[in-house]
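# What the coordinates show
This is what each chain is made of:
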Amino acid sequence: MCGICKGTNVKHEIVDSGYTFEPCPVCGPQTKEEHDREFAELYKKLDEAEALYKKEKTA
Ligand SMILES: [Zn+2]
């Protein structure tokens, strides 16, 4: 597996303003389909984390 993007085709970099996302210089950019799928998964995880957080707060 690629050490830069860890198989995601995206290079994450921390900058002053937060994060930047760039296509992996080794693997190349991911397809739109892959990108959409990954973001769908990411948002699903965020939703789950938020739900868990709310649950813990109200419990
Ligand atoms: Zn890569």
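Conventions used here
Residues numbered from 1 in each chain as written. Predicted model: local features only at pLDDT ≥ 70, side-chain atom pairs only at ≥ 80, totals over all residues. pLDDT = per-residue confidence, 0-100. Helix = DSSP H or I, 4+ residues; strand = E, 2+ residues; numbered from the N terminus. Contact = placed C-beta atoms within 7 Å. Buried ≥ 20, exposed ≤ 12 C-beta atoms within 10 Å, placed from the backbone. Pairing = 2+ DSSP bridges.

## Some thoughts on the confidence of the model for the chain
Of all residues in the chain, 98% attain a pLDDT of 70 or more, and the chain-wide mean is 89. When mean pLDDT is taken per element in the chain, helix α1 (residues 32-58) scores highest with 91 and strand β1 (residues 10-15) scores lowest with 88.

## As for the environment of Gly28
Inspection of the secondary structure puts Gly28 in the loop between β2 (18-23) and α1. Distance from Gly28 to Lys11, taken between C-alpha atoms, is 9.9 Å for residues 17 residues apart in sequence. In contact with Gly28, other than residues within four places in its own chain, are Asn9 and Pro23.

## A short note on the pairing of β1
Taken across its six residues, β1 has zero buried, putting it largely on the surface. Bridge count for β1 against β2 is six bridges, and the pairing is antiparallel. From the neighbouring strand, His12 faces β2, where its bridge partner is Phe21. Here β1 hands over to β2 after two residues, the two strands then running antiparallel side by side.

## Looking at unusual backbone geometry
The phi torsion at Lys6 lies on the positive side, around 55°, for a residue other than glycine. Relative to the elements of secondary structure, Lys6 occurs in the segment before β1. One non-glycine residue with positive phi stands out, namely Asn9, at about 70°. The residue Asn9 is located in the segment before β1 in this model. For Asn9, a count of 19 C-beta atoms within 10 Å gives the class partly exposed.

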